[in-house]
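# Observations on chain architecture
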Amino acid sequence: MGDKPRLIVGVSGASGSVYGIRALQALRELGVDSHLIASKAAEMTLGYETDLTPAGLKDLADHAYKPSDVGAPPASGSFRSLGMLIAPCSVRTMSEIATGVTSGLISRAADVTLKERRRLVLMVRETPFHLGHLRTMTQLAEMGAVIMPPLPAFYAKPESLADMVDQTVGRALDLFGLDWKPTRRWGEDLESGRRPSARR
Ligand SMILES: Cc1cc2nc3c(=O)[nH]c(=O)nc-3n(C[C@H](O)[C@H](O)[C@H](O)COP(=O)(O)O)c2cc1C
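Residues numbered from 1 in each chain as written. Predicted model: local features only at pLDDT ≥ 70, side-chain atom pairs only at ≥ 80, totals over all residues.

### A look at helix 6 (residues 131-143)
Since the α-helix advances by 3.6 residues per turn, residues separated by three or four positions end up pointing in the same direction. Spanning 13 residues, helix 6 covers 18 Å between terminal C-alpha atoms, matching the ideal 18 Å at 1.5 Å per step. All of the buried residues along helix 6 are Thr136, Met137 and Leu140. Viewed end-on, helix 6 has its buried residues packed into an arc of 100°, placing them on one side of the element. Turned more than 90 degrees away from the buried face of helix 6, the exposed residues are Leu131, Leu134, Arg135, Thr138, Ala141 and Glu142. For helix 6, the elements touching its buried residues are helix 4 (91-99), strand 5 (119-124) and strand 6 (146-147). At the C-terminal side of helix 6, Gly144 shows a positive phi close to 115°. (Helix = DSSP H or I, 4+ residues; strand = E, 2+ residues; numbered from the N terminus. Expected span 1.5 Å × (residues − 1). Buried ≥ 20, exposed ≤ 12 C-beta atoms within 10 Å, placed from the backbone. Arc of directions from axis to C-beta. Contact = placed C-beta atoms within 7 Å.)

The structure is reproduced here in structure tokens:
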């Protein structure tokens, strides 16, 4: 895989562009080669939710591909990677992956990740869910994807929105075996979660 491990990062048009941004920044800190695919709708939500431009988002990644470029490296299973994180993942993108009707590079790369039995983590962002959403998520879980809606962990005692986002991103990176420093861990960093033996 070359010197550095690779992770494919999809950013779709669900609310929460900040999750994709922080994931790319974390991967840079960790020395992981990031391969970004942002959808057209992601560029729109990025504009509504952050001060970052689409070009600024691409600058956070080591490699960036057009969402229509189904000939890009992540479209093939022979392109080795740790897997793929989609943060945030829209209902539209999630549903496309579930059906296998992959119309662009995000869903194609996700389909390839599943067929190669690599880790696929979907930060699905919608609320509330209707039965169709829940059924689609069940189907994806059965296919091997990890469904990880970005829900905050209050036991981590977040003091800001940034803390909440980082904890979620850190827990998503855990699923790829990547240990990002800001991640707060029960039984380690969090005093209330320490076992009596660890307090000594
Ligand atoms: C500001 C904004 C917020 C949105 N939030 C969500 C959301 O949380 N979840 C979702 O599934 N779609 C959301 N959408 C709609 C998606 O962007 C839309 O369904 C789009 O077609 C998704 O395309 P993509 O999957 O190719 O990114 C939002 C759109 C906008 C403009």
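### Considering the nonpolar core
Core analysis: the biggest nonpolar cluster contains 50 residues, and Val9, Ala23, Leu85, Ile86, Ala87, Leu122 and Met123 have the highest contact counts within it. Of all the elements, helix 1 (residues 17-30) adds the most residues to this core, at seven residues. If sequence neighbours within four positions are ignored, Ile86 has contacts with Gly10, Ser12, Thr93, Ile106, Ala110, Leu122 and Met123. (Core = buried A, V, L, I, M, F, W, Y, C linked by C-beta atoms within 7 Å.)

### Examining the site of the ligand
Inspection of the region around the ligand gives 16 residues, with Ser12, Gly13, Ala14, Ser39 and Ala41 positioned closest. Elements with a minimum of two residues in the shell around the ligand: helix 2 (40-49) and helix 4. (Near = placed C-beta within 6 Å.)

### As for the UniProt feature "binding site: dimethylallyl phosphate" (unreviewed entry) in the protein chain
Mapped onto this numbering, the UniProt entry annotates "binding site: dimethylallyl phosphate" (unreviewed entry) at Tyr155 and Arg171. Spanning 17 residues, the named residues form one tight spatial group whose C-alpha atoms are at most 13.3 Å apart. Along the chain, Tyr155 falls in the loop between strand 6 and helix 7 (161-174). By the secondary structure assignment, Arg171 is in helix 7. (UniProt positions renumbered as here; feature names shortened; annotations may be inferred.)

### Focus on helix 1
Across its 14 residues, helix 1 extends 20 Å between first and last C-alpha, which sits within 8% of the 20 Å expected from 1.5 Å per residue. Looking one or two places after helix 1, you find Gly31, whose phi comes out positive at around 75°.

### Remarks on the UniProt feature "domain: Flavoprotein" (unreviewed entry) in the protein chain
Under the local residue numbering, the UniProt record ascribes the feature "domain: Flavoprotein" (unreviewed entry) to residues 6-175. Overall, residues 6-175 shows 45% helix and 18% strand. The separation of its end C-alpha atoms is 14 Å.

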